[in-house]
Number of protein chains: 4
Amino acid sequence: AKLWGGRFEESVTDAVEKFTESISFDKALYKHDIMGSRAHASMLAHQGLISESDRDQILQGLDHIERQIEAGEFEWRTDREDVHMNIEATLTDLVGEPAKKLHTARSRNDQVCTDFRLWCRDSIDTIVSCIKHLQVSLLKLALKNDGLIVPGYTHLQRAQPVLLQHLLLAYVEQLERDVGRLQDCRARMNFCPLGACALAGTGLPIDRFMTSNALGFIAPLRNSIDAVSDRDFVLEFLSANSIIATHLSRLGEEWVLWASEEFGFIIPSDSVSTGSSIMPQKKNPDPMELVRGKSARVIGDLVSLLVLCKGLPHAYNRDLQEDKEPVFDSVKTVIGMLEVSAEFAQNITFNQEKIRTSLPAGHLDATTLADYLVKKGVPFRTSHDISGRAVAVCVQRKCQLQDMSLEELRSISPVFDEEVYDFLGVENSIRKFSSYGSTGTECVASQLNYWISKLGIK
Amino acid sequence: AKLWGGRFEESVTDAVEKFTESISFDKALYKHDIMGSRAHASMLAHQGLISESDRDQILQGLDHIERQIEAGEFEWRTDREDVHMNIEATLTDLVGEPAKKLHTARSRNDQVCTDFRLWCRDSIDTIVSCIKHLQVSLLKLALKNDGLIVPGYTHLQRAQPVLLQHLLLAYVEQLERDVGRLQDCRARMNFCPLGACALAGTGLPIDRFMTSNALGFIAPLRNSIDAVSDRDFVLEFLSANSIIATHLSRLGEEWVLWASEEFGFIIPSDSVSTGSSIMPQKKNPDPMELVRGKSARVIGDLVSLLVLCKGLPHAYNRDLQEDKEPVFDSVKTVIGMLEVSAEFAQNITFNQEKIRTSLPAGHLDATTLADYLVKKGVPFRTSHDISGRAVAVCVQRKCQLQDMSLEELRSISPVFDEEVYDFLGVENSIRKFSSYGSTGTECVASQLNYWISKLGIK
Amino acid sequence: AKLWGGRFEESVTDAVEKFTESISFDKALYKHDIMGSRAHASMLAHQGLISESDRDQILQGLDHIERQIEAGEFEWRTDREDVHMNIEATLTDLVGEPAKKLHTARSRNDQVCTDFRLWCRDSIDTIVSCIKHLQVSLLKLALKNDGLIVPGYTHLQRAQPVLLQHLLLAYVEQLERDVGRLQDCRARMNFCPLGACALAGTGLPIDRFMTSNALGFIAPLRNSIDAVSDRDFVLEFLSANSIIATHLSRLGEEWVLWASEEFGFIIPSDSVSTGSSIMPQKKNPDPMELVRGKSARVIGDLVSLLVLCKGLPHAYNRDLQEDKEPVFDSVKTVIGMLEVSAEFAQNITFNQEKIRTSLPAGHLDATTLADYLVKKGVPFRTSHDISGRAVAVCVQRKCQLQDMSLEELRSISPVFDEEVYDFLGVENSIRKFSSYGSTGTECVASQLNYWISKLGIK
Amino acid sequence: AKLWGGRFEESVTDAVEKFTESISFDKALYKHDIMGSRAHASMLAHQGLISESDRDQILQGLDHIERQIEAGEFEWRTDREDVHMNIEATLTDLVGEPAKKLHTARSRNDQVCTDFRLWCRDSIDTIVSCIKHLQVSLLKLALKNDGLIVPGYTHLQRAQPVLLQHLLLAYVEQLERDVGRLQDCRARMNFCPLGACALAGTGLPIDRFMTSNALGFIAPLRNSIDAVSDRDFVLEFLSANSIIATHLSRLGEEWVLWASEEFGFIIPSDSVSTGSSIMPQKKNPDPMELVRGKSARVIGDLVSLLVLCKGLPHAYNRDLQEDKEPVFDSVKTVIGMLEVSAEFAQNITFNQEKIRTSLPAGHLDATTLADYLVKKGVPFRTSHDISGRAVAVCVQRKCQLQDMSLEELRSISPVFDEEVYDFLGVENSIRKFSSYGSTGTECVASQLNYWISKLGIK
């Protein structure tokens with residue numbers, strides 16, 4: 001019989017029980033459910049709502065249950081619907097009457113929100129630490145490839161030369177904002193719903209500040225209806241995860257490209273590659289393909305939750321039971337994506353030789369040439385035009401800008417002088433960059449130092 | 001060691017193995033994988049690519065494996081990556097050399113597509129039969145409530161009276177189009193990828209028409225690259241499911257509303273209701289809330305797959321491994337939604353008394369009054385205006401249109417005569433409807449007969 | 001001819017020009033584009049990259065262009081592609097040579113990001129002020145309905161009595177978190193990309209801190225590649241908007257329900273209602289239906305941007321041109337939703353009489369009864385059970401809990417005494433609530449005061 | 001004053017009028033609205049509900065209005081809300097009384113659905129013809145590059161050689177299924193809602209079959225509630241569009257890759273390329289980047305509509321006004337994507353020389369080698385292993401498989417004989433493919449002929 005069965009004469013059908021159960025997934029909340037019950041029982045005793053002996057029996061029972069669960073010896077029963085009812089019912093089996101008092105001044109509505117916020121809070125901490133690990137891995141990869149110049153792309157066309165370190169730090173920057181979003185989300189969700197009960201609070205003399213403190217929340221939520229019915233904290237969390245996943249999907253794309261025969265920039269080690277069941281020569285960067293692909297489910301999870309919440313009236317609706325699986329999936333997926341990206345970063349080698357020999361292609365120094373002209377006093381639009389015409393000559397002659405004679409250059413514009421050759425070629429280009437945040441050697445060195453210190457790398 | 005390990009010197013790291021494995025979910029394809037392998041082995045033997053004895057050992061081995069799996073005795077190994085490799089490797093353990101020939105002229109790329117199309121095809125058939133069951137349940141509910149007039153709503157405001165049967169048949173119509181979409185999708189996906197191999201086909205003398213026929217496909221797919229790299233068949237399937245889910249979310253919303261104290265139109269039986277852990281008087285229509293809510297994950301699954309496929313170059317990419325879980329989830333969810341909706345339909349009673357007494361509210365006959373005026377030759381816009389003014393009088397006097405005296409009506413327009421009372425009141429309204437597809441008694445009766453015959457109800 | 005046309009021999013086809021143009025929508029950025037150009041020109045002059053006379057001519061030209069645009073006299077040309085090229089080309093028409101120097105040490109890649117961040121920053125400020133306006137409107141609505149008790153719902157079933165004020169404050173709380181999200185987003189996006197140029201920075205001696213300060217940014221972005229290629233700031237913004245929209249969709253649903261004949265809680269004034277083209281008696285709460293419905297496009301806009309960014313390699317890709325329309329649409333829609341919700345709040349009257357007479361339905365005091373029993377020392381689970389049985393009697397007898405005689409109550413449990421009647425009825429229920437954040441009279445009054453002071457209402 | 005204003009005393013506020021108007025976008029339906037009104041007026045006259053003279057004046061008035069609109073001389077008024085009211089009110093201005101009879105037995109609810117289905121039907125026809133045009137363009141591109149071998153990829157790693165024609169035909173196949181989806185959708189939506197009126201039909205003696213025929217529908221919809229409240233026809237349409245967009249995003253990705261310096265397979269003409277405002281040497285394949293990027297909005301549009309419809313009760317709700325803009329946007333975008341893809345296909349040249357010289361990289365013939373071994377009687381798994389070891393030798397020695405001496409090969413497996421060289425090298429590989437649907441020369445030629453004939457190319 002259900003714990004809420006008082007006025008019910010018939011039990012639910014099997015199909016309904018199966019469709020409405022949540023125990024198959026919400027048991028993941030067991031640790032936080034027990035944590036919440038401990039705090040609640042202690043508060044009830046402190047307020048004189050239950051006796052100290054009741055409390056002690058409850059606490060001992062909860063300890064026992066937690067050990068059982070962690071030993072894999074707890075029997076999860078679908079007829080007991082969810083994690084809350086499973087634990088409470090088992091507690092009643094264990095300690096009897098005192099257990100029946102645990103649900104005093106509490107409803108599953110505030111209980112599940114409390115558990116879920118605690119779970120999300122822990123998950124955010126885990127994700128943040130995985131992000132840091134990836135940042136460190138990217139930074140170490142940068143340090144291993146000091147001075148390596150790679151083509152910078154726009155429109156996937158070679159644009160300007162950049163230091164590989166500069167590109168890797170772009171990811172580090174993006175991940176740092178991801179951390180910021182998670183931390184803001186954590187701070188905003190770290191308020192306690194416990195004591196909001198079904199939706200209206202209670203007339204029993206509870207102390208919500210005591211439970212809130214015990215559970216590490218900043219304060220109790222101010223409005224009981226809001227407390228049990230809003231899920232904006234998970235929407236925000238899954239949004240942050242979706243942005244992380246989008247960032248990683250770009251890293252995935254980039255590294256898949258770089259591992260191709262055509263780019264050939266990186267060589268993943270066997271330990272992060274897989275082969276083909278039919279083509280014996282294949283060595284595929286599968287982990288990064290999956291990083292790219294798994295971004296899709298993180299986005300899908302967010303969409304599910306937005307659709308779920310759309311148009312629901314106050315306060316709690318059973319629809320909200322569907323809030324958990326997308327979050328569990330999003331968290332697990334993002335953690336996996338971060339871990340595997342870090343592992344990949346640790347297991348690739350840059351093919352410096354191939355990169356270097358391919359650098360002349362694409363006239364990466366054309367913009368530096370235009371800057372040279374600007375320094376000579378030519379208006380930018382005219383400089384751009386002159387450079388463009390010089391490139392056109394090179395394309396036709398299949399040569400590089402630095403291969404053009406001064407005479408040839410001067411036939412395009414009389415402004416050119418010998419000094420121009422100090423601006424041509426990718427190494428010169430890189431040397432010339434000087435603006436804050438640019439790919440110039442010193443600028444990048446200074447950024448590297450910033451991150452080495454910030455991430456505590458030795 | 002992996003089956004593709006030939007040129008590999010290191011095995012993948014644990015994190016990569018865990019991140020890239022699919023066996024935890026793609027084992028759901030085991031039956032169709034074995035089915036495909038049987039057809040393939042028979043074809044290979046028929047074409048002389050393996051011996052008849054090889055084929056027989058393979059077939060016996062597959063039979064054995066199938067029985068093991070169904071008995072729960074098969075050991076699924078993560079180091080064997082996926083369902084295909086698990087079955088093939090176990091087959092090799094069982095029958096030795098012949099098993100090593102099974103993958104002749106086949107790749108996992110075409111194999112998984114074949115399995116997946118077979119699985120989807122079966123799932124479509126299951127969903128179609130669940131839809132039929134729900135249609136029958138709705139129709140039976142209609143037959144039980146012959147003649148019951150309910151308010152028809154627009155903007156959730158009472159608009160015109162309709163027969164409950166008419167409203168229930170609206171759902172039957174929508175579900176019928178859902179069936180149509182699934183059938184079109186099934187027909188379009190029912191082509192065989194087997195023999196496309198990795199992406200380019202093979203030089204071995206296989207007979208793709210033979211395997212296609214054996215597996216019940218219409219024909220082999222015409223282009224091997226297309227065969228292994230497109231997933232439009234699942235995008236279409238999940239789109240069809242999303243539309244079904246959207247339809248059911250509307251039914252869910254409607255029935256949740258109707259079960260409220262305020263509407264009070266339906267009384268769900270205890271067998272499809274649940275209670276509250278804190279509020280003893282509650283009896284909640286949870287199954288229909290979850291039907292509404294679970295539409296969110298079906299939509300999320302579709303979005304995942306669209307995002308997944310976006311921007312992938314040809315041919316197979318590992319991202320596509322992520323195509324399965326959203327489909328499995330979508331199918332399971334839609335089936336549950338359909339089953340529970342049918343069960344709910346079978347377990348609700350209409351509160352005819354309450355509905356009848358509430359019918360006067362809302363001036364549902366105002367449009368019939370306007371039609372009366374049109375019949376009298378008043379232009380529609382003028383009729384609408386006159387009716388509107390009559391309603392305004394009723395609102396002020398808190399009465400019904402039929403409560404107005406002829407004199408009062410004539411003070412609004414001299415066109416009114418005694419006959420007007422034959423058009424007022426919801427029963428008269430319903431009687432007057434006569435257009436094809438309308439809620440008029442005879443129109444609805446004829447539609448009911450159409451569906452009784454089409455759905456084969458006795 | 002395009003400004004970038006140097007090496008091009010053919011101009012693009014009409015179809016390509018039409019497909020790739022952005023001027024039809026990105027002209028919305030004109031004010032921020034001009035603002036950015038002013039800061040850039042001033043910095044160039046300060047750094048000696050252009051003369052003071054050049055700068056002055058540029059600034060005067062920009063002033064002129066801004067006035068032209070605001071007077072509707074500016075000719076936007078599709079062959080000039082986008083807002084940046086339109087303004088720069090017109091500036092060249094106006095002031096000649098100096099204009100050709102404006103694009104020195106700048107690319108459209110950093111320019112558009114700068115404009116867009118400035119535009120988003122302003123939009124956030126507008127949305128925040130619309131939210132405040134809605135909060136004030138809700139609070140004033142609460143103040144107008146002091147003491148009004150309404151049913152609190154879970155599962156759309158009547159659960160417990162709550163003060164209307166308490167419910168309205170739940171929305172105020174949610175909106176406050178929405179403000180917090182926007183402010184966090186604003187702070188995180190308020191960094192300056194200008195000077196990142198195409199992707200790599202520049203070798204010209206610019207001062208990025210000067211432009212950053214002039215434009216009110218906190219600092220220049222640290223990494224030029226990151227600066228031009230990431231769009232996480234709009235993803236975060238659209239996520240925040242989607243959460244706002246989801247909140248408002250719930251308000252929309254609630255008020256549509258409440259305006260129905262069946263609930264009848266609110267009466268919208270004619271000024272926020274619309275009628276029917278066919279049914280003269282209809283008065284529909286269309287604005288709130290559209291608030292609910294328009295949440296869909298805000299969510300769709302977010303999804304568009306997530307899909308857009310998925311899998312793009314560094315740095316800038318033309319795909320990113322598609323980042324603007326969803327943001328423009330999201331912002332416009334959210335502002336409209338907020339404004340109209342506020343207007344609706346100001347134009348509804350609560351039907352206090354109807355609400356009061358309907359309150360007895362639903363046994364809203366059953367939980368208070370259970371609390372009474374807990375206070376008497378009965379374990380909660382047993383109290384819940386006793387209350388449940390009392391309700392069952394009431395359901396059968398069609399009476400209220402307070403209509404039961406003490407004798408009847410004691411036949412269910414001997415614990416009952418006279419004092420029980422002090423706990424029955426919704427007014428008593430409300431009086432009993434005392435926990436922090438609950439719907440108790442004093443708790444709500446204290447929350448009201450908090451918000452009156454915080455929102456500065458007189 | 002609104003046409004529905006009968007019982008209203010106050011007009012709506014400006015903010016509400018602006019928020020709820022639809023004329024700014026639904027005027028796109030004008031042609032189909034007039035078409036529907038013509039059919040409706042003719043039917044009303046035929047049924048004796050209006051006079052022949054009324055009908056003639058209405059028809060003349062509608063002709064006049066249509067001409068005005070097409071000449072850009074029609075005044076669209078926001079205070080007249082939508083396209084229907086604008087046209088009807090102007091008609092009344094023009095012809096007086098008869099116009100007031102046009103809305104007899106019609107509501108905006110059935111009217112808008114009729115218009116919208118007609119509009120979607122036409123749009124489907126347009127999209128189908130754009131698809132055919134793209135298919136033809138791809139086919140012609142294939143014919144221009146007869147015999148060109150390109151690397152086939154899986155995991156973006158070179159896998160096996162394929163004929164370019166084979167790859168282009170894969171797109172043709174996918175587009176053909178897209179046509180099929182649109183045609184199924186068209187057939188399912190081609191039923192007429194007109195006469196369903198507000199939601200319940202009418203008591204006036206209309207002939208719905210007559211209007212349905214006149215408008216080219218298959219038949220009137222069977223259920224009036226279903227007719228006005230379901231939007232599954234647009235959900236299905238936008239799903240089909242999303243799948244098209246996903247296909248095109250893949251084409252976009254592929255061609256962006258191929259246009260890169262690293263791949264260098266295609267050279268887009270200047271007429272489909274754009275340049276950079278800062279980097280003079282750039283020539284970017286922007287149209288295909290935008291094809292890839294614009295897939296995002298097509299997917300976003302679908303999501304909007306799914307979210308919109310989720311959880312709406314019957315029948316019409318004002319939310320549904322939001323159904324149009326996403327559809328208009330989706331249609332316009334998909335047409336643009338198709339047109340520009342076709343134009344791009346017509347304006348690229350394959351760099352046959354570069355492709356040919358790069359073909360040796362990647363050991364594309366390794367699978368053909370394994371097939372050779374299978375033909376020699378080696379079990380496939382063993383063949384795969386032997387080939388894998390041969391490739392490993394090549395990787396180490398930086399040579400091709402065909403560069404290995406027979407002795408070297410035999411040191412790996414004694415099975416090798418002279419004939420092996422007939423299987424090595426990409427040309428041999430291509431020649432060996434023979435399975436139906438494979439990339440073998442004859443197979444592809446036969447597929448080309450199939451499509452040439454099907455698409456009617458001369």
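Rules used throughout
Residues numbered from 1 in each chain as written. Chains lettered and ligands numbered in written order. Predicted model: local features only at pLDDT ≥ 70, side-chain atom pairs only at ≥ 80, totals over all residues. Heavy atoms only, no water. Helix = DSSP H or I, 4+ residues; strand = E, 2+ residues; numbered from the N terminus. Expected span 1.5 Å × (residues − 1). Buried < 20%, exposed > 50% of the residue type's maximum accessible area, 1.4 Å probe, protein only. Contact = heavy atoms within 4.5 Å. pLDDT = per-residue confidence, 0-100. Buried area = accessible area lost by both parts, 1.4 Å probe. Salt bridge = Lys/Arg side-chain N within 4 Å of Asp/Glu carboxyl O. Polar contact = N/O pair within 3.5 Å; in protein donor to acceptor, adjacent residues only side chain to side chain. Least-squares fit on C-alpha atoms with pLDDT ≥ 70 in both. Pairing = 2+ DSSP bridges. Axes fitted to C-alpha atoms, helices over the stretch in contact; angles between N-to-C directions. Parallel < 35°, antiparallel > 145°, perpendicular 65-115°, else oblique. Left-handed = near helix turned anticlockwise from the far one by under 90°. Nonpolar A, V, L, I, M, F, W, Y, C, P; charged D, E, K, R; others polar. Core = buried A, V, L, I, M, F, W, Y, C linked by side-chain atoms within 4.5 Å.

Draft legend 1. Local environment of helix 3 (residues 30-46) of chain D. Residues and elements named next belong to chain D. Taking 1.5 Å of rise per residue, the 17 residues of helix 3 would be expected to cover 24 Å, and the 24 Å separating its terminal C-alpha atoms lies within 8% of that figure. Of all the 17 residues making up helix 3, 12 are buried; the element is thus mostly covered by neighbouring parts of the structure. Looking at helix 3, one finds that the buried residues are Tyr30, His32, Asp33, Ile34, Gly36, Ser37, Ala39, His40, Ala41, Met43, Leu44 and Ala45. Considering only its buried residues, helix 3 is in contact with helix 2 (23-26), helix 4 (52-70), helix 5 (83-95), helix 7 (108-144) and helix 9 (208-214). Backbone geometry just after helix 3 places Gly48 at a positive phi near 75 degrees.

Draft legend 2. Representation of the confidence of the model for chain A within the structure. Here chain A averages 94 in pLDDT, while 97% of its residues score no lower than 70. Interface confidence for the predicted complex, expressed as ipTM, amounts to 0.96; the pTM equals 0.96.

Draft legend 3. A look at the interface of chain B and chain D. Contacts between the two partners involve 107 residues from chain B, matched on the other side by 107 residues from chain D. Here chain B meets chain D over a buried area of about 9,400 Å², counting both sides, of which 57% is carbon and sulfur. Counting across the chain B and chain D interface gives 16 salt bridges. Across the pair B:Arg181 and D:Asp232 runs a salt bridge whose closest N-O atoms are separated by 2.9 Å.

Draft legend 4. Quick look at the interface of chain A and chain C. Each partner contributes to the interface: chain A provides 106 residues, whereas chain C provides 106 residues. Here chain A packs against chain C, burying approximately 9,400 Å² in sum over the two surfaces, 57% of which is carbon and sulfur. Per-residue buried area on chain A facing chain C is highest for A:Arg222, A:Arg250 and A:Arg381; these three make up 10% of the total on that side. Our enumeration of links across chain A and chain C arrives at 16 salt bridges. Among the salt bridges present, the one from C:Arg381 reaches A:Glu88, with a minimum N-O distance of 2.5 Å. Counting the contacts that link chain A with chain C gives 65 residue pairs in polar contact (both at pLDDT 80 or more).

Draft legend 5. Main features of the relation of the copies chain A and chain C. For the pair chain A and chain C, the best superposition has an RMSD of 0.1 Å and corresponds to a rotation of 180 degrees with a translation of 0.0 Å parallel to the axis. In short, the pair behaves as if placed about a two-fold rotation axis. Minimal C-alpha separation from the rotation axis in chain A is found for A:Ser239, amounting to 3.1 Å. A shared binding surface is used by both copies, with 100% of the interface residues of chain A retained as interface residues in chain C.

Draft legend 6. Local environment of the relation of the copies chain B and chain D. Once chain B is rotated about the relating axis by 180 degrees and shifted along it by 0.0 Å, it coincides with chain D to within an RMSD of 0.1 Å. Here 100% of the interface residues in chain B have copies in chain D that are interface residues too; the copies meet face to matching face.

Draft legend 7. Structural view of the pairing of strand 2 (residues 157-163) of chain C. Residues and elements named next belong to chain C. Counting buried residues along strand 2, 7 of its 7 residues qualify, which places the element largely inside the surrounding structure. Relative to strand 2, strand 1 (residues 149-154) runs antiparallel, the two sharing 6 bridges. Directly across from Gly152, in strand 2, lies its bridge partner Gln160. Remark: 2 residues form the turn of the hairpin made by strand 1 and strand 2, two consecutive strands paired antiparallel; His155 in that turn has positive phi of roughly 60 degrees.

Draft legend 8. Here's a closer look at the packing of helix 7 of chain D against helix 13 (residues 324-346) of chain D. All names here are of chain D. Running from N to C, helix 7 and helix 13 cross one another at 15 degrees; their axes reach a closest spacing of 8 Å. Taken as axis vectors, helix 7 and helix 13 run roughly parallel relative to one another. As for the relative orientation of helix 7 and helix 13, their crossing is left-handed in sense. Looking at the contact of helix 7 with helix 13 residue by residue, the classes come out as 18 nonpolar, 6 polar and 3 charged.

Draft legend 9. Representation of the nonpolar core. A:Trp255, B:Trp255, C:Trp255 and D:Trp255 are the most contacted members of the largest nonpolar core, which has 530 residues in total. When residues no more than four places from it in sequence are discounted, the contact partners of B:Trp255 are B:Leu138, B:Leu141, B:Leu168, B:Ile266, B:Met288, B:Ser341, B:Phe344, B:Ala345 and B:Ile348. Counting residues in hydrophobic clusters, the runner-up holds 19 residues, among them B:Leu373, B:Val378, B:Ile386 and B:Phe423.

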